[in-house]
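# Remarks on the overall topology
Residues per chain, in single letters:
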Amino acid sequence: MDRRNLDVTARLRPALRGFEPYDPRFSPVRVNLSANENTHPLPAELAEAARAAVAATPLNRYPDPMANALRDALAVRHGTDRAHVIVGNGGDELLFNLLFAFGGPGRALVTCPPDFAEYANFAAMCETPVVAVPRDAEDFSVDADALLAAAADAALVVLTSPNNPTGDLLDPGLVRRLLAETEALVLVDEAYVEFAGEGKSLAGLVAENPRLIVLRTLSKAFALAGLRVGYLVADPAVVDALGAVRQIYSVDVLAQAVALAFVERRDLIAPVVDDIVSERERLAAGLAGLPGVRTWPSAANFVLARVPNAHRTWERLRDEHSVLVRDFSATPGLENCLRLTVGTREENDVLLDALATLLREEA
Ligand SMILES: *Cc1c(COP(=O)(O)O)cnc(C)c1O
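Residues numbered from 1 in each chain as written. Predicted model: local features only at pLDDT ≥ 70, side-chain atom pairs only at ≥ 80, totals over all residues. Heavy atoms only, no water.

### Some thoughts on the domain arrangement of the protein chain
Domain boundaries assigned for the protein chain yield domain 1 (23–38 + 269–362) and domain 2 (56–264). Its C-alpha centre places domain 1 at a distance of 26 Å from the equivalent point of domain 2. Residue-level contacts link 23 residues of domain 1 with 21 residues of domain 2. Regarding the contact of domain 1 and domain 2, the summed buried area is about 1700 Å², with carbon and sulfur atoms giving 64% of it. Run the count over domain 1 and domain 2 and you get 1 salt bridge. In this structure, Glu138 and Arg294 form a salt bridge, with 3.4 Å as the shortest nitrogen-oxygen distance. Looking at the side of domain 1 that touches domain 2, the elements that each hand over two or more residues are helix H10 (270–288) and strand E10 (302–306). Tallying contributions element by element places H10 first for the side of domain 1 that touches domain 2, with 4 residues. (Domains from an automatic or database assignment. Contact = heavy atoms within 4.5 Å. Buried area = accessible area lost by both parts, 1.4 Å probe. Salt bridge = Lys/Arg side-chain N within 4 Å of Asp/Glu carboxyl O. Helix = DSSP H or I, 4+ residues; strand = E, 2+ residues; numbered from the N terminus.)

### Description of the side chain of Glu194
For Glu194, the position within the fold is in the loop between strand E6 (185–189) and strand E7 (212–217). Side-chain polar atoms of Glu194 contact the side chain of Arg216, separated by 3.3 Å. Setting aside residues up to four positions removed in sequence, Glu194 forms contacts with Arg77, Arg216, Thr217, Ala221, Phe222 and Val273. (Polar contact = N/O pair within 3.5 Å; in protein donor to acceptor, adjacent residues only side chain to side chain.)

### Some details on the pairing of strand E5 (residues 156–160)
Judged by how many residues are buried, E5 sits mostly within the fold: 5 of 5 residues are covered. Burial of E5 is two-sided: the residues Leu156, Val158 and Thr160 facing one way and the residues Val157 and Leu159 facing the other way are all buried. Pairing analysis gives 2 bridges linking strand E3 (residues 109–111) to E5, with the strands arranged parallel. In the strand pairing of E5, Leu109 is matched with Leu156. (Buried < 20%, exposed > 50% of the residue type's maximum accessible area, 1.4 Å probe, protein only. Pairing = 2+ DSSP bridges.)

### Quick notes on the packing of H10 against helix H12 (residues 345–362)
When two helices pack together, their arrangement is given by the angle between their axes and by how far apart the axes lie. Viewed as axis vectors pointing N to C, H10 and H12 meet at an angle of 10 degrees, and their least axial separation amounts to 10 Å. The angle between the axes of H10 and H12 places the two elements in the roughly parallel class. Contact residues: Glu279, Arg282, Leu283, Gly286 and Leu287 in H10; Arg345, Asn348, Asp349, Leu351, Leu352 and Leu355 in H12. A class-by-class count of the residues in the contact of H10 with H12 yields 5 nonpolar, 2 polar and 4 charged. (Axes fitted to C-alpha atoms, helices over the stretch in contact; angles between N-to-C directions. Parallel < 35°, antiparallel > 145°, perpendicular 65-115°, else oblique. Nonpolar A, V, L, I, M, F, W, Y, C, P; charged D, E, K, R; others polar.)

### A word on the site of the ligand
Around the ligand, 15 residues are found, and the nearest of them are Asp189, Tyr192, Thr217, Ser219 and Lys220. Between the ligand and Asn164 there is a distance of 2.9 Å, counted from an oxygen atom to a side-chain nitrogen or oxygen. In the model, an oxygen atom of the ligand is placed 3.1 Å from a nitrogen or oxygen of the Lys220 side chain. Notes on the ligand: free accessible area 380 Å², of which the protein chains cover 94%. Put simply, the parts of the chain that give the shell around the ligand at least two residues each are helix H4 (90–102) and E7. With 3 residues, H4 is the largest single contributor of residues to the shell around the ligand. (Near = heavy atom within 4 Å. Areas by Shrake-Rupley, 256 points an atom, 1.4 Å probe, with all protein chains shown as cover.)

### Quick look at the environment of Leu59
Its place among the elements puts Leu59 in the loop between helix H2 (44–55) and helix H3 (68–77). On the basis of relative accessibility, which here comes to 62%, the residue Leu59 falls in the exposed class. Remark: the alpha-carbon pair of Leu59 and Asp252, spanning 193 residues in sequence, is separated by 9.3 Å. In this structure, Leu59 is in contact with Val253 and Leu254, ignoring residues within four places of it in sequence.

### Concerning the sheet that holds strand E8 (residues 230–233)
Reading across from one edge, E2-E8-E7-E6-E5-E3-E4 is the order of the 7 strands in this open sheet, with mixed pairing throughout. Two strands close off the open sheet at either side, each with one partner strand: strand E2 (85–88) and strand E4 (130–132). Each neighbouring strand pair of the sheet contributes to a mean axis angle of 25 degrees, computed without reference to strand direction. Where E2 meets E8, 4 bridges bridge the pair, whose relative direction is antiparallel.

### What to know about the pairing of E6
Across the 5 residues that make up E6, a large majority, 5, are buried. By the alternation rule, side chains of E6 split into Leu185, Leu187 and Asp189 and Val186 and Val188, which are all buried. Note that E5 and E6 share 5 bridges and pair parallel. Paired with Leu159 across the bridge in E6 is Val188. On the question of chirality, the crossover connecting E5 to the parallel E6 by way of helix H7 (residues 172–181) is right-handed. (Right-handed = clockwise from strand over helix to strand, strands pointing away.)

### Points about the layout of surface pockets
Leftover empty space is mapped by rolling, across the atoms, a probe with the size of a water molecule. Roughly 590 Å³ of volume is contained in the second largest pocket. As for the second largest pocket, its lining consists of 26 residues, and the residues nearest its centre are Arg77, His78, Glu194, Glu198 and Arg216. For the lining of the second largest pocket, the element with the highest residue contribution is H10, accounting for 3 residues. Classifying every residue of the lining of the second largest pocket by side-chain character gives 10 nonpolar, 8 polar and 8 charged. Composition of the lining of the second largest pocket by domain shows at least three residues from each of domain 1 (23–38 + 269–362) and domain 2 (56–264). (1 Å grid on protein atoms, 1.4 Å probe; cavity = no way out; pocket = protein on both sides within 12 Å on 5 of 7 lines; lining within 4 Å. Points joined across faces, edges and corners; volume = space filled by probe spheres on them.)

### A word on the packing of aromatic side chains
Geometrically, a pair of aromatic rings is defined through the distance of the ring centres and the angle of the planes. Under the definition given, this model contains 6 aromatic pairs. Aromatic side chains Phe140 and Trp296 sit 5.1 Å apart centroid to centroid with 55 degrees between the ring planes, which places their arrangement in the tilted category. A residue pair is termed long-range when its members are at least 10 positions apart, and Phe140 in the loop between E4 and helix H6 (144–151) and Trp296 in the loop between strand E9 (294–295) and E10 qualify at 156 residues. Across the pair, exposure class does not vary: Phe140 and Trp296 are buried alike. Consider the rings of Tyr192 and Phe302, whose centres lie 5.0 Å apart with planes at 85 degrees: the pair is edge-to-face. Note that Tyr192 is positioned in the loop between E6 and E7 and Phe302 in strand E10, a separation of 110 residues in sequence. This pair shows no difference in class: Tyr192 is buried, exactly as Phe302 is. (Phe/Tyr/Trp six-rings, centres within 6.5 Å; stacked < 30°, edge-to-face > 60°.)

In structure tokens form, the structure reads like this:
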């Protein structure tokens, strides 16, 4: 068999040409503040609950495809019932499935960049046209009139609250207007909403608004990025449509068991979230004291900072200080911007000291 001249590109579905494997080539570093993970040590009781859940879970049986025990616990968290909840292999799977189910040729997705890059990626894979309504260059606010105009002909609008990577919260009035004045499905991505404080989630509005879909994840506040569990709070008809087209066993038995243990013990994670929020303010204040650095207010577990020579600063942070952050300087609208995940007090001090040293040297 001649394997030398296989023209994969010609054989690929045209919409899928040009994509590359996602490999961020994580290099081992002393302080990794690049992916908005929760880097705090787990409370002992939660760590023990996770170990017990793993130990009690047989691996020879298939998972419950709909993860009903976990759905019930999540429904309790949101004061609803399991019919309004669907679980996925991370929020990412649910984002993909939303576009797979409700997108496609002629059914546009409206985005407000700079935002989460996966929206446009998954849309492209699902042959869904993207209509971008760029945020204000200064404060990253969304132009309500432009958004409403774009949403008038769209299948789906995605808004992120707090937004990644800019950190700002969405105006709930804008969501109400989108629901009242357009026919689009409105997805509010709340991956970071636990860091925004009480009462910022729009999940409670789903019951009266069947076109509202709220995305949540256990990857950020719950410190379970490696487990891959996210969920939607949505109308039962949306949940059923997505349930019908998903990979049936995408949420494995260990993920279901550990996620259930964490969701049932969610009060234990609250002090960790509080600490991250106070560290966020300390990190932001420290950054504001550095020469030439600009930051924006953040309601999430990261801070966006504009620094002189951002790409070079990013590289030197990694290579000379073993501190990894996320470089957004090549993203339109984010020139010279780095996204700094809020770490532990010690990690944030290492980052601030390293940045102070570099900026002094670069000045
Ligand atoms: C992290 C993140 C998600 C979901 O992450 P998963 O690990 O796949 O659950 C979704 N949206 C945004 C904006 C994120 O930053």
